[in-house]
Amino acid sequence: MPVYVQEDSIPKPNLAPPNAVDYDTTLWTEITTRDSVVIDLRYATTDNFTTSQIYPCGRCFLRPSVATRLLQLNRKIIKEKNYQFKLYDCYRPRPAQQRLWDQHPNPTHVTHPSKGSMHNRGAAVDLTLVSISSGQVLDMGTDFDFFGREARLDYIGHTDSIQSNRIYLQKLMEDAGFKSIKSEWWHYSLSGQGSALSSWEWQCPD
Ligand SMILES: [Zn+2]
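Novice: Mind laying out the state of the cysteines, listing which residues take part and the relevant values?
Specialist: With the rule as written, the count across this model stands at two disulfides. Covalently, Cys-60 is tied to Cys-90 through a disulfide, its sulfur atoms 2.1 Å apart. Around the S-S axis, the bridge from Cys-60 to Cys-90 shows a dihedral of about -95 degrees and counts as left-handed. One end of the pair, Cys-60, is in strand β3 (residues 60–62); the other, Cys-90, is in the loop between β4 (83–89) and α2 (94–103), and 30 residues separate them in sequence. Comparing Cys-60 with Cys-90 shows no difference in burial state: the two are buried.

Novice: Give me the lowdown on the coordination of the zinc ion, citing residues and values where you can.
Specialist: All of the protein donors around the zinc ion are His-119 (NE2), Asp-126 (OD) and His-187 (ND1); their distances to the metal are 2.0 to 2.1 Å. One chain supplies every donor for the zinc ion, spaced along it as H-x6-D-x60-H. With His-119 in the loop between α2 and β5 (124–131) and His-187 in strand β7 (residues 184–189), this pair connects stretches of sequence that are 68 residues apart. Of the residues examined, His-119 reaches a relative accessible area of 3% and is grouped as buried.

Reading guide: rules and limits
- Residues numbered from 1 in each chain as written.
- Predicted model: local features only at pLDDT ≥ 70, side-chain atom pairs only at ≥ 80, totals over all residues.
- Heavy atoms only, no water.
- Disulfide = S-S within 2.5 Å.
- Helix = DSSP H or I, 4+ residues; strand = E, 2+ residues; numbered from the N terminus.
- Buried < 20%, exposed > 50% of the residue type's maximum accessible area, 1.4 Å probe, protein only.
- Donors = N, O, S within 2.8 Å, 3.2 Å for Na, K, Ca; no water.

Structure representation (structure tokens):
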């Protein structure tokens, strides 16, 4: 005689809905391609200056106030110039900072993990501009994470078009309260957000 099992007693597979939020939204905001940005987290690949993969998978998290400000700017540049941001790095967990340091222990290029950087606070972003019509990044004179003087904001040897692309990005970001650093044209941070250093690491898809 067959045994009938009541449907309620059959364990349901634990399937998360496709857009499940798997992080604390009071602490973090995730920026995705649904926000009309291009995401190219180089440290989630071997295409970075260490040639090692630093993040197990690429997800872009920022402190909520920083993310809100950044996405406001992205909407503005879409509307005004048909540009969008391309994000190379966002929040960087402290264990990842340690892995980066282990690969490249040079304080000129990598902040020592004990000190921590604005990326470890979720308050810094590495980015450039993409022309939506061509799908190409604007020429900023060097690639992301180029460690030469040509990456400096005060380098004067670039063409007028490179210079104007950089100035456009710098003015856009600084007018919204982001701070630049002289040595890296791609790096902007929003301080005063009271964000602590963090070791939290995001989940990766199975
Ligand atoms: Zn940076």
